[in-house]
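Overview (structure and organization)
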Amino acid sequence: MTLRNIAIIAHVDHGKTTLIDRLLAQSGIFRDNQRVAERAMDSNDLERERGITILAKVTAIDWHGTRINIVDTPGHADFGGEVERILNMVDGAVLLVDASEGPMPQTKFVLSKALQIGLKPIVAVNKIDKHDERHEEVVNEVFDLFAALDATDEQLDFPILYGSAKEGWMSSEVGGERTDMSALFDLIVDHVAPPETEPGPLRILTTTLEADPYLGRILTGRITSGEVKPNMPVKALSLDGKQVETARISKVLAFRGLERVPVASGSAGDIVALAGLTKATVSDTICAPEVTQPIPAHPIDPPTLAMTFRINDGPLAGREGSKVQCRVIRERLFREAEGNVALKITVGADADAFEVAGRGELQLAILIETMRREGFEMCVGRPRVVMQTDEATGKQLEPVEEVTVDVDEEFASTVVKKLSERRAELIDMRPSGSGRQRLIFHAPTRGLIGYHGELLSDTRGTAIMNRMFHDYTPHVGAIPSRRTGVLISNSDGDAVAYALWNLEDRGPMFVTPGTKVYEGMIVGEHTRGNDLEVNVMKGKKLSNVRASGKDDAVALTPPVKMTLEKALAFISDEELVEVTPDSIRMRKAELNPHDRKRSEKRKAEVA
C-alpha cells in the first residue's frame with residue numbers, strides 16, 4: 001500500500017476540522033449506522049467548548065489503495081509551536097482559505113513555515129457557498145502571499161480546488177460538480193510526493209507526546225528509516241546526541257480513522273505512535289541501539305509572553321482544590337513543558353513561584369484552565385512580554401505583532417485612535433466587503449494585553465481581531481495601562497446586599513451577596529484612578545421605628561462576571577488572579593494594607 005502524509009493548515013475558523021470530518025465520512029471509515037460527533041478531531045473538552053483546535057492530532061484514511069495520514073493543526077497563532085513541529089513529519093499540506101475573508105495572519109504564518117521546509121501546498125478555497133464569497137480576488141491574494149514569502153517557481157505553481165467542507169464537496173472549478181470530496185482525495189494522491197525514506201536502521205523523530213492511563217507515555221512521529229516492531233530494543237537520543245534512555249517498545253500503534261490500532265510493525269515513511277519509553281520527549285530521536293547521530297529538528301520560535309504562577313497563599317486556600325502544594329504545581333508545569341515545546345518554565349527568585357513563558361495570552365489561559373479543572377489552586381500574575389537584548393547595540397528589544405482588525409467602517413476611526421495610543425503603527429487600510437474595513441497594524445505585544453475586551457466594547461461586538469508575531473524591535477517607551485482603580489475588601493467575611501447597594505456609586509462590583517471575601521480581595525472597579533478600601537459586610541442598622549417603603553428589597557445592579565481571560569487582562573502588576581476549580585478571584589499581591597503602603601513607598605524611592 002502506498003503512503004501520503006499531509007497536514008491541513010489554515011487560519012483559525014477557516015474549516016480545517018470540518019473538512020477532516022467530511023474526508024473521514026466519505027472515505028468509508030465509519031459504519032453506516034455509526035454515530036460520529038461533529039468536529040470529531042476536537043476530542044478535548046476545552047476544544048469543544050471554545051470551538052477551536054488546541055492540540056495537533058493524526059488520523060488516517062484509505063483511498064483506492066493509498067493510505068493518507070492526515071494531521072489536523074491548530075489555527076491560533078498561540079499554538080503555532082504545534083504547527084511547526086507537525087510540518088516536520090508530513091510531505092505535503094492542504095492550505096485552506098476562506099472564500100470571503102481570504103488569507104489572514106495565521107495563513108501567512110503556517111504557509112511561511114511550510115514553504116521554508118520545501119512543501120508544495122495544495123490551495124483549497126473553502127466556504128464557497130457564502131453569500132459574500134470572492135474566490136477570484138482570494139486566489140490572487142494567495143498568489144501574492146506565496147510570492148511575498150519567496151516561494152520557488154515550483155511552489156508558485158500550486159493546484160487550486162474550490163468547495164464547501166460544510167456541504168461536503170470539492171471541485172477544480174467553481175461551477176463544477178458539487179457531489180463529494182473525491183477531487184481533493186485524487187489531488188492529494190497525485191500532487192503530494194510519497195514519503196522520503198533513508199536506508200539504515202530505525203530512526204524516528206518524535207513530534208508529539210501524550211499520556212495514556214494504560215500504556216503510559218505515547219510518542220508519535222514519522223519513521224525516517226528502518227522498521228519498528230513491538231518488543232524491539234531501542235534508545236532515545238536528545239538533540240545534542242546524548243543518550244536519554246534505553247527501552248523496549250511495548251506497543252506500536254498505527255492510525256486508522258479516529259482510532260489507534262496496535263500493529264505488528266511500522267515501516268519507513270509511516271506515522272506511528274510508540275509506547276514503552278519513560279523519559280524520551282518531543283524532539284528526541286528514537287532509534288536502534290547502533291545509531292549514534294540524532295535527526296536534526298527545526299528550531300521553534302521563542303516565547304513572547306510570560307506569567308508568574310505561584311502557590312495560593314490567600315485565606316481561602318485549600319477549600320476548593322485538592323492540589324495546592326508548590327511541589328505538585330512544579331511537577332505539573334514541567335510535565336506540560338515536556339510535551340509542549342513552545343512553553344518555557346523557569347523557577348522564580350521566590351521558591352514558591354514559577355515563570356511560565358509562552359506564545360500568547362490564549363495559550364497560557366488554556367494551560368491555567370486545564371490545571372484548574374484538574375483540581376489545582378494557584379495565583380497567577382499579569383502577563384508581561386519577554387524582552388531581548390540587541391547584541392550589537394545593547395538596546396532592549398520587545399516583541400511586535402502584526403494585528404489584523406476587520407471592523408465596520410463607522411468604528412474604524414475609533415480602533416485606529418485606540419491602537420495609536422497603544423503605540424501601534426497603521427500599515428494598511430482597505431475595504432473587505434459588506435461595508436467593512438480591514439486594518440493592519442504593527443503593535444507592541446505590551447500594548448495588546450487586555451485590549452480585546454475594549455475593542456469589542458468600542459465596536460459593539462462587531463470587530464474581529466487576529467494577531468501574529470512579527471519581529472523584535474527597539475523598546476517604544478511607556479504605554480498607558482488601566483486608568484481606573486479598584487475597590488478592595490478591608491476584612492474577611494460574606495458580602496452583604498445592603499453594603500453592595502451602598503457601594504454601587506463607587507463603581508461596578510465583581511461579587512454577589514453571600515460571596516466569601518477577605519482582606520485585600522478586589523471586589524469591584526473604582527470609577528476614579530485611585531484604589532479604595534471598602535466594607536462589603538456592613539449590614540443595615542435596625543431600629544424599632546418602621547416606615548412605609550423603607551424595608552423594600554434592595555435592587556442590586558448585576559455584577560460584572562469576570563472570566564479567566566477578562567481577569568488576566570484587568571489586573572495590574574501589583575495584583576494577582578486567584579484560580580481555583582470553582583472560583584476566579586482577583587486580589588492584591590500584598591493583602592495587608594500596611595504592607596501595600598510600604599512596598600509603594602519602596603518603589604517610589606527606587607524610582
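So, how was this worked out
- Residues numbered from 1 in each chain as written.
- Predicted model: local features only at pLDDT ≥ 70, side-chain atom pairs only at ≥ 80, totals over all residues.
- Heavy atoms only, no water.
- Buried < 20%, exposed > 50% of the residue type's maximum accessible area, 1.4 Å probe, protein only.
- Helix = DSSP H or I, 4+ residues; strand = E, 2+ residues; numbered from the N terminus.
- Pairing = 2+ DSSP bridges.
- Expected span 1.5 Å × (residues − 1).
- Contact = heavy atoms within 4.5 Å.
- 1 Å grid on protein atoms, 1.4 Å probe; cavity = no way out; pocket = protein on both sides within 12 Å on 5 of 7 lines; lining within 4 Å.
- Points joined across faces, edges and corners; volume = space filled by probe spheres on them.
- Nonpolar A, V, L, I, M, F, W, Y, C, P; charged D, E, K, R; others polar.
- Axes fitted to C-alpha atoms, helices over the stretch in contact; angles between N-to-C directions.
- Parallel < 35°, antiparallel > 145°, perpendicular 65-115°, else oblique.
- Left-handed = near helix turned anticlockwise from the far one by under 90°.

Now for the pairing of strand β34 (residues 584–588). Counting buried positions along β34 gives 4 out of 5 residues, so the element sits mostly inside the fold. In terms of strand pairing, strand β31 (residues 521–525) meets β34 through 2 bridges, oriented antiparallel. Residue pairing for β34: methionine 521 is matched across the bridge by arginine 587. Both strand β33 (residues 575–579) and β34 contribute to a ladder of 5 bridges, which runs antiparallel.

End to end, helix α5 (residues 135–148) covers 20 Å across 14 residues, agreeing with the expected 20 Å (1.5 Å per residue, within 8%). On the buried face of α5, the contacting elements are β4 (92–98), α4 (105–116), β5 (122–126), α6 (153–156) and β6 (160–164). Backbone geometry just after α5 places aspartate 150 at a positive phi near 60 degrees.

Mapped onto the elements, proline 233 comes out in strand β11 (residues 233–237). Judged by its relative accessible area of 39%, proline 233 is partly exposed. The spacing of proline 233 and arginine 248 is 15 residues in sequence and 4.4 Å in space, taken between C-alpha atoms. Excluding anything up to four places from it in sequence, proline 233 contacts Ala247, Arg248 and Pro289.

Scanning the entire structure with this criterion turns up 1 cavity of 30 Å³ or more. As a volume, the largest cavity reaches approximately 70 Å³. Lining the largest cavity, in full, are Arg85, Asn88, Leu205, Thr206, Thr207, Val282, Ser283, Ala297, His298, Ile300 and Val341. Counted by class, the lining of the largest cavity contains 5 nonpolar, 5 polar and 1 charged residues.

Attention now goes to the environment of aspartate 301. Within the secondary structure, aspartate 301 is located in the loop between β17 (285–287) and β18 (305–310). The partly exposed category is assigned to aspartate 301, whose relative accessible area is 25%. Discounting residues that sit within four places of it in the chain, aspartate 301 has contacts with Glu84, Phe109, Lys113 and Arg359.

All right, on to the packing of helix α8 (residues 326–339) against helix α9 (residues 361–373) then. Direction vectors running N to C along α8 and α9 enclose 130 degrees, while the axes themselves pass 12 Å from each other. In this view, α8 runs oblique relative to α9, as classed from their interaxial angle. Judged by the twist between their axes, the crossing of α8 over α9 is right-handed. Every residue of α9 that contacts α8 at Ile329, Arg332, Leu333 and Glu336 is listed here: Leu367, Thr370 and Met371. Here the contact of α8 with α9 is composed, by residue class, of 4 nonpolar, 1 polar and 2 charged.

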